[in-house]
Amino acid sequence: MNLQAFFEHWRIVENPFRGEEARQDPVFSRLVGEGAGASGVSRASQHSDYEKIAGDFSKPGAGIAFGEKGSGKTAIRLQLARQCAAYNAAHPAARVLLLAYDDLGAMLERFHKRAAAAARGRNKPAPAETLKQLRLADHVDGILSIAVPPLIDAVLEQSGPTELLDLGPEPRKQARREERSLKRDLMLLQAAYDRAEHAGERAAQLRRALGIRRTFMSGVESAIAYAGWLLPLAVFIVYELRGGGTPEPVLTTVFFALLGVWTLFLLKKSLTDRLALGRRAHRLWKQIRTTARSEASFKAAVGELPPAWRTSLSLPLVEGDEPRLAMLDRLRRVLRRFGYASIVVVVDRMDEPSIIAGDVERMKAVVWPMLSNRFLQHEGLGVKMLLPIELRHVLFRESGAFFQEARLDKQGFVESLSWSGAMLYDLCTNRLNACRRPGSAPMTLADLFDDTVTREDLIGALELMRQPRDAFKLLYQCVNDHCSMTTADQGAYRISRGLLESVKKQQVERVRQLGMGVRPA
């Protein structure tokens, strides 16, 4: 018997147990949407701790959960995205900006190269050493570098490599009508966190779009520097028109005074100001270590700012978390004027970057700076961290001082995304019904097995799998082995108890070996 005949008998149009990764699982996508209420997420697909992690989107807070591979961390991230979309549709004037901070491979590689290049000595440090230098400030820089480019794209009404941020109708005109302090925030964010390509050109476009003109004194200085030579030339022409000869003392004094003033302004404009701008661009490049921006890119963008905005009070030119959190507040102020009341950052896939490759100590070096109560409880920010279970074991060995700083008791803390056999039974039943033809009567997972297999037997077998991915593997093998050992003319469409017990033993051993690290999957 082939699988198609087996599923056709049960009016199943798609294998419900084939999916292993939520991002590429069409059954999960359908299941999330079917029966969704106001939250936008069907409870049929939710983990029991989902509500604790998600919290209230009107006042987003932190959520930290640890889970094994296949326990549903990515599924929770996708559910958060769907719930955010539903919330935004219902609250257009107080939306939530969802940022996925889950693709850190390129960012961490850039950080490693920068840190290694800055190291003294002939022996360059390994990634395990450079990642220990990561700060909370570096993570905030990374988050802002994700949020700012699409924001600038939307204000300039340009298309970019990422999805355009919805700022409502005519965002360019609205931004131009805003008060100067908000324009200042927007210009500073662009100068520090816009994408590397054409940052200086985009800074000039943004300045013109916002209607920010050069200051009067800046205009005067430029006029004197580039056209001031005309005044001493005029004095010289007057001298020549008078017939030359011995110049009058007054005329000589005026000529050299004007020449000196022009020279001073020219030196200031062409040398002093450029050196100061270069120093500020270098300090900005030195501080922001997680983006692909070059010093020249920063220099071109910062050069479009009025001189009074180029100080450490405005830009993150110094060490510390406060300048970065101040930039985060600037982003919140700008977004608030375009209908976004808060920001939710979802941290996921911390074990996947090639520079980490599942190494626990490297994951710890990357994640631990974010476990700061000041960051996790920042006003208007909800950080949802979906972390590998290996980090929980490391976390529990930390000191009391660390826990006092992190205040995990306030962060929506979930020790483990564990699944009971009953939860997995319901999940698999829901997936089964989601794959049946429209109009089919509901069925349960137990219906696939013969009468000698009770619901409790299935719950017990699924309990040993502990998580959805392994539960799906168990059921997939049960169906596959049943079909391979049954002929088409037997008409046997229910799985026997003996086969379930045999597959269960194999899968338990597989899970055990996977946990020991001696089996790939």
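The text that follows walks through the structure, step by step, so that each part is easy to find.

## Thoughts on the overall build of the protein chain
So, step 1. Secondary structure summary: the protein chain contains 23 helices and 5 strands in total.
So, step 2. By the compact-globule yardstick of 24 Å for 521 residues, the protein chain is too spread out, its C-alpha radius of gyration being 31 Å.
So, step 3. Considered along the principal axes of its C-alpha atoms, the protein chain spans approximately 125 × 55 × 40 Å.
So, step 4. Classification of the 521 residues of the protein chain by burial places 49% in the buried group.
So, step 5. In the protein chain, the proportion of contacts linking residues at least 24 apart, taken out of those at least 6 apart, comes to 74%.
So, step 6. When the accessible surface of the protein chain is summed, it comes to about 24,800 Å², and 55% of that surface belongs to carbon and sulfur atoms.
So, step 7. Distance between charge centroids for the protein chain: 7 Å, based on 74 positive and 60 negative side chains.

## Points about the environment of Ile459
So, step 1. Of note, Ile459 is situated in helix 21 (residues 455–465).
So, step 2. Ile459 gets classed as partly exposed once you look at its relative accessible area, which sits at 22%.
So, step 3. Distance in space between the C-alpha atoms of Ile459 and Tyr425 is 6.1 Å, their sequence separation being 34 residues.
So, step 4. Excluding its chain neighbours within four sequence positions, the residues that come into contact with Ile459 are Gly421, Ala422 and Tyr425.

## Things to note about the sheet that holds strand 3 (residues 340–347)
So, step 1. Here we have 5 strands laid out as an open sheet, ordered 2-3-4-1-5, and parallel in their pairing. Unpaired on one side and paired on the other, strand 2 (95–101) and strand 5 (413–414) mark the two borders of the sheet.
So, step 2. Alignment of strand 2 against strand 3, held across 7 bridges, turns out to be parallel. What sits directly across from Ala100, in strand 3, is Val346.
So, step 3. Running at roughly 155 degrees to strand 2, helix 4 (residues 73–90) makes contact with strand 1 (63–67), strand 2, strand 3 and strand 4 (381–388) of the sheet.

## Some thoughts on the nonpolar core
So, step 1. By size, the foremost hydrophobic cluster in this structure holds 86 residues, and its most contacted members are Ile64, Leu108, Leu151, Leu371, Phe375 and Met385.
So, step 2. With residues up to four places along the chain from it excluded, the contact list for Phe375 reads Leu136, Val140, Ile143, Leu325, Met370, Leu381 and Val383.
So, step 3. One finds Phe6, Tyr425, Ala471 and Val503 within the second-largest nonpolar core, a separate group that totals 38 residues.

## Thoughts on the pairing of strand 4
So, step 1. The buried fraction of strand 4 amounts to 8 of the 8 residues, a majority that puts the element mostly inside the structure.
So, step 2. Pairing geometry for strand 3 and strand 4, over 5 bridges, is parallel. The residue bridging Val345 from the neighbouring strand is Val383, located in strand 4.

## Considerations on the packing of helix 20 (residues 421–434) against helix 21
So, step 1. Packing of helix 20 against helix 21 brings their axes to within 7 Å, and their N-to-C directions diverge by 105 degrees. When the axis of helix 20 is compared with that of helix 21, the two are roughly perpendicular. On helix 21, the residues that touch Gly421, Ala422, Leu424 and Tyr425 of helix 20 are Arg455, Leu458, Ile459, Leu462 and Glu463.

## Re a positive patch on the surface
So, step 1. On the surface, a cluster of positive charge is made up of Arg172, Arg176, Arg208 and Arg213.
So, step 2. On the basis of relative accessibility, which here comes to 32%, the residue Arg172 falls in the partly exposed class.

## Describing the packing of aromatic side chains
So, step 1. Taken as a whole and assessed by the stated rule, the structure comprises 5 aromatic pairs.
So, step 2. Here the aromatic rings of Phe402 and Phe403 are separated by 5.8 Å at their centres, their planes lie at 75 degrees, and the arrangement is edge-to-face.
So, step 3. Look at Phe403 and you get partly exposed, because its relative accessible area is 27%.
So, step 4. Linked through ring pairs, Trp368, Phe402 and Phe403 together constitute an aromatic cluster.
So, step 5. The ring of Tyr340 has Arg95 lying over it, and the distance from NZ or CZ to the ring centre is 4.2 Å.

## What about the side chain of Arg330?
So, step 1. Position of Arg330 relative to the elements: it lies in helix 15 (residues 322–337).
So, step 2. Sequence-distant contacts of Arg330, defined by excluding residues within four places in its chain, comprise Arg184, Asp185, Leu188, Leu189, Leu313 and Ser314.

## Structural notes on a nonpolar patch on the surface
So, step 1. A cluster of nonpolar side chains, contributed by Trp229, Leu230, Leu233, Phe236, Ile237 and Leu241, occupies part of the molecular surface with about 590 Å² of accessible area.
So, step 2. With respect to the helices, strands and loops of the structure, Trp229 is situated in the loop between helix 11 (216–227) and helix 12 (230–241).
So, step 3. Of the residues examined, Trp229 reaches a relative accessible area of 41% and is grouped as partly exposed.

## Here we look at helix 5 (residues 105–118)
So, step 1. A rise of 1.5 Å per residue sets the reference length of helix 5, with its 14 residues, at 20 Å; its end C-alpha atoms lie 20 Å apart and thus fit the reference within 8%.
So, step 2. For helix 5, the complete set of buried residues consists of Met107, Leu108, Phe111, His112, Arg114, Ala115 and Ala116.

## Some words on unusual backbone geometry
So, step 1. Phi angles above zero are rare outside glycine, and Ala357 is one such case at about 50 degrees.
So, step 2. Among the structural elements, Ala357 can be located in the loop between strand 3 and helix 16 (360–367).
So, step 3. Residue Arg466 is not a glycine yet carries a positive backbone phi of 75 degrees.
So, step 4. Within the element layout of this structure, Arg466 appears in the loop between helix 21 and helix 22 (468–484).
So, step 5. In this structure Arg466 comes out as partly exposed when scored by relative accessible area, which is 42%.

## Structural notes on the pattern of salt bridges
Pairs can form between side chains of opposite charge once their charged atoms are near each other.
So, step 1. All told, the structure shown has 36 salt bridges when counted by the stated rule.
So, step 2. A salt bridge links Glu129 to Lys132; the nearest nitrogen and oxygen atoms lie 3.9 Å apart.
So, step 3. Residue Glu129 is classed as partly exposed on the basis of its relative accessible area, which comes to 43%.
So, step 4. Looking at Lys132, the relative accessible area reads 56%, which means it is exposed.
So, step 5. A salt bridge links Glu456 to Arg455; its shortest N-O distance comes to 3.9 Å.

## Details of the side chain of Gln477
So, step 1. Checked against the element boundaries, Gln477 lands in helix 22.
So, step 2. By relative accessible area, which is 17% here, Gln477 ends up buried.

## Some remarks on the packing of helix 22 against helix 23 (residues 497–516)
So, step 1. In contact at an axis separation of 10 Å, helix 22 and helix 23 are set at 140 degrees when each is read in the N-to-C sense. Taken together, the axes of helix 22 and helix 23 are oblique relative to one another. With respect to the hand of their crossing, helix 22 and helix 23 are arranged in right-handed fashion. Contacts between helix 22 and helix 23 involve Asp470, Lys473, Leu474, Gln477, Cys478, Asp481 and His482 from the first element and Leu499, Leu500, Val503, Lys504, Gln506, Gln507, Arg510 and Val511 from the second.
So, step 2. Classifying every residue of the contact of helix 22 with helix 23 gives 6 nonpolar, 4 polar and 5 charged.

The rules behind each value
- Residues numbered from 1 in each chain as written.
- Predicted model: local features only at pLDDT ≥ 70, side-chain atom pairs only at ≥ 80, totals over all residues.
- Heavy atoms only, no water.
- Helix = DSSP H or I, 4+ residues; strand = E, 2+ residues; numbered from the N terminus.
- Rg over C-alpha atoms; globule rule 2.2 N^0.38 Å.
- Buried < 20%, exposed > 50% of the residue type's maximum accessible area, 1.4 Å probe, protein only.
- Contact = heavy atoms within 4.5 Å.
- Areas by Shrake-Rupley, 256 points an atom, 1.4 Å probe, with all protein chains shown as cover.
- Lys, Arg positive; Asp, Glu negative; His and termini not counted.
- Charge placed at Lys NZ, Arg CZ, Asp CG, Glu CD.
- Pairing = 2+ DSSP bridges.
- Axes fitted to C-alpha atoms, helices over the stretch in contact; angles between N-to-C directions.
- Core = buried A, V, L, I, M, F, W, Y, C linked by side-chain atoms within 4.5 Å.
- Parallel < 35°, antiparallel > 145°, perpendicular 65-115°, else oblique.
- Patch = residues over 30% accessible without salt bridge, like charges linked within 9 Å, V, L, I, M, F, W, Y side chains within 5 Å.
- Salt bridge = Lys/Arg side-chain N within 4 Å of Asp/Glu carboxyl O.
- Phe/Tyr/Trp six-rings, centres within 6.5 Å; stacked < 30°, edge-to-face > 60°.
- Lys NZ or Arg CZ within 6 Å of the ring centre and 35° of its normal.
- Expected span 1.5 Å × (residues − 1).
- Left-handed = near helix turned anticlockwise from the far one by under 90°.
- Nonpolar A, V, L, I, M, F, W, Y, C, P; charged D, E, K, R; others polar.

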